[in-house]
Amino acid sequence: NSIKLSYSRMFQYMHLVSSSTVALPTDLWYPVSKNVKPQRSDQVALGWSGFLSGIGAQYTIETYYKWMNNLIEYKEGSNLILNDNFESILLQGKGESYGLEVMLRRMEGKFNGWLAYNLGYSQRFFDELNGGAPFWSKYDRRHTFSAVMNYEITPRIVFSAIWEYISGSRFTPLVANYIYPDPSLSSIELLPVYTKRNAQVLSPSHRLDVNIIFKSRRTRKFKYEFHIGAYNAYNRAMPYRINVDI
């Protein structure tokens with residue numbers, strides 16, 4: 001058995017500026033400048049690992065807390081098209097992430113693989129966004145589970161399968177439109193109404209990948225492997241976009 005404690009400080013000098021909608025081509029990488037500071041994060045982690053002799057498997061339980069500074073978001077209502085003063089629509093704030101990770105792994109024998117589960121939370125704090133209230137990060141994925149299995153049919157033929165489950169990503173949906181007349185009273189305008197920032201979650205996604213490996217004889221001078229596999233074997237649809245019908 002062993003106990004592990006770690007601390008790390010990291011800097012990032014390229015910012016991924018991401019929209020609060022599901023996915024837009026306005027997501028881009030932006031470099032550090034005089035007005036845009038580099039991102040900084042500090043993380044502490046505490047873990048415990050041990051060995052289960054009955055099944056020949058190792059288990060690991062780890063918890064972590066990470067706090068971040070100088071994260072970047074767009075200002076609400078920003079005009080991103082043909083904007084020649086891009087930095088004027090950027091905001092910098094803080095964030096935190098914390099969670100629990102559990103893994104059970106068996107690496108020897110004809111049947112091996114691992115089970116892994118992560119419970120994670122990720123929040124953002126921006127004075128100018130969401131009315132100053134904390135909000136969940138776009139990449140807040142509450143649950144992540146994966147199961148990996150390898151089975152040695154013969155010394156030269158190995159079958160493997162991976163099943164993965166991930167909670168849906170967060171986004172800010174349009175939920176209504178407020179109708180009001182324009183100043184000339186000649187037409188009406190639509191004022192969009194949104195939920196709180198990143199208040200909704202897409203449906204979770206999961207898939208099964210399978211693979212079979214044919215290996216050359218170990219005595220051959222030149223060794224090779226043939227892989228035959230299928231990605232998303234049961235054709236599960238992966239949600240990535242929301243269409244709003246008005």
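In case you missed it, the structure is sitting above this.
What counts and what doesn't
Residues numbered from 1 in each chain as written. Predicted model: local features only at pLDDT ≥ 70, side-chain atom pairs only at ≥ 80, totals over all residues. Heavy atoms only, no water. Helix = DSSP H or I, 4+ residues; strand = E, 2+ residues; numbered from the N terminus. Buried < 20%, exposed > 50% of the residue type's maximum accessible area, 1.4 Å probe, protein only. Contact = heavy atoms within 4.5 Å. Areas by Shrake-Rupley, 256 points an atom, 1.4 Å probe, with all protein chains shown as cover. Lys, Arg positive; Asp, Glu negative; His and termini not counted. Charge placed at Lys NZ, Arg CZ, Asp CG, Glu CD. Phe/Tyr/Trp six-rings, centres within 6.5 Å; stacked < 30°, edge-to-face > 60°. Lys NZ or Arg CZ within 6 Å of the ring centre and 35° of its normal. Polar contact = N/O pair within 3.5 Å; in protein donor to acceptor, adjacent residues only side chain to side chain. Salt bridge = Lys/Arg side-chain N within 4 Å of Asp/Glu carboxyl O. Pairing = 2+ DSSP bridges.

Engineer: Sorry, what's going on with the overall build of the protein chain here?
Structural biologist: Counting its regular elements, the protein chain contains zero helices and 16 strands. In terms of overall dimensions, the protein chain has C-alpha extents of about 85 × 40 × 35 Å along its principal axes. In the protein chain, buried positions account for 30% of the 246 residues. Once local pairs closer than 6 in sequence are excluded, the contacts in the protein chain between residues at least 24 apart make up 59%. Entry remark: accessible area of the protein chain is about 16,200 Å², with carbon and sulfur atoms responsible for 58%. Seen as two clouds, the 28 positive and the 20 negative side-chain charges of the protein chain have centres 13 Å apart.

Engineer: Sorry if this is basic, but what is going on with the packing of aromatic side chains here?
Structural biologist: Under the counting rule described, the total for this entry stands at nine aromatic pairs. Considering the side-chain rings of Y98 and Y121, the 5.2 Å spacing of their centres and the 15 degrees angle between planes classify their relative orientation as stacked. With a gap of 23 residues between them, Y98 in strand β6 (residues 90-106) and Y121 in strand β7 (residues 111-125) connect regions that are remote in the sequence. Assessed through its relative accessible area of 28%, Y98 is described here as partly exposed. On the numbers, 5.5 Å between centres and 65 degrees between planes, the contact of Y224 with F226 is edge-to-face. Under the relative-accessibility criterion, F226 is labelled exposed at 52%. Through pairs of rings, three or more aromatic residues link up here, namely Y65, W67, Y98, Y121 and W136. Looking at R142, its charged tip hangs above the ring of W136, at a distance of 4.7 Å from the centre.

Engineer: So what exactly am I meant to see when it comes to the side chain of T172 here?
Structural biologist: Examined against the element boundaries, T172 turns out to sit in the loop between β11 (170-171) and β12 (174-181). At 2.8 Å, the side chain of T172 forms a polar contact with the backbone nitrogen of N198.

Engineer: Quick question: what am I supposed to make of the pattern of salt bridges here?
Structural biologist: Close approach of charged atoms lets side chains of opposite charge pair. A complete count under the given rule lists seven salt bridges for this structure. One salt bridge connects D42 with R40, and the closest N-O pair in it is separated by 3.6 Å. Owing to a relative accessible area of 1%, D42 belongs among the buried residues under this scheme. For the salt bridge of R207 with E164, the shortest nitrogen-to-oxygen distance reads 3.1 Å. Remark: E164 occurs in strand β10 (residues 157-166) and R207 occurs in strand β15 (residues 205-215); sequence separation between them is 43 residues. You can call E164 partly exposed: its relative accessible area is 24%. Because the salt bridges share partners, they merge into one network encompassing R9, R40 and D42.

Engineer: Even after reading the chapter, I still don't get the environment of Y240, so can you show me in this structure?
Structural biologist: Tracing the backbone shows Y240 in the segment after β16 (225-230). Residues Y240 and R170 lie 70 residues apart in sequence; the distance between their C-alpha atoms is 11 Å.

Engineer: What am I meant to see in the pairing of strand β9 (residues 143-154) here?
Structural biologist: Working note: regular strand, side chains alternate between the two faces of the sheet. Relative to β9, β7 is paired through nine bridges, and the arrangement is antiparallel. Across the sheet, residue G113 finds its bridge partner in β9, namely M149. Alignment of β9 against β10, held across 10 bridges, turns out to be antiparallel. Pairing of N150 across the sheet is with S160, part of β10. The loop that links β9 with its antiparallel partner β10 comprises two residues.

Engineer: I keep staring at the side chain of S216 and nothing clicks. Help me out?
Structural biologist: Relative to the helices and strands, S216 resides in the loop between β15 and β16. Since its relative accessible area comes to 7%, S216 is described here as buried. A polar atom in the side chain of S216 sits 3.0 Å from the backbone nitrogen of Y224. If sequence neighbours within four positions are ignored, S216 has contacts with R156, F222, K223 and Y224.

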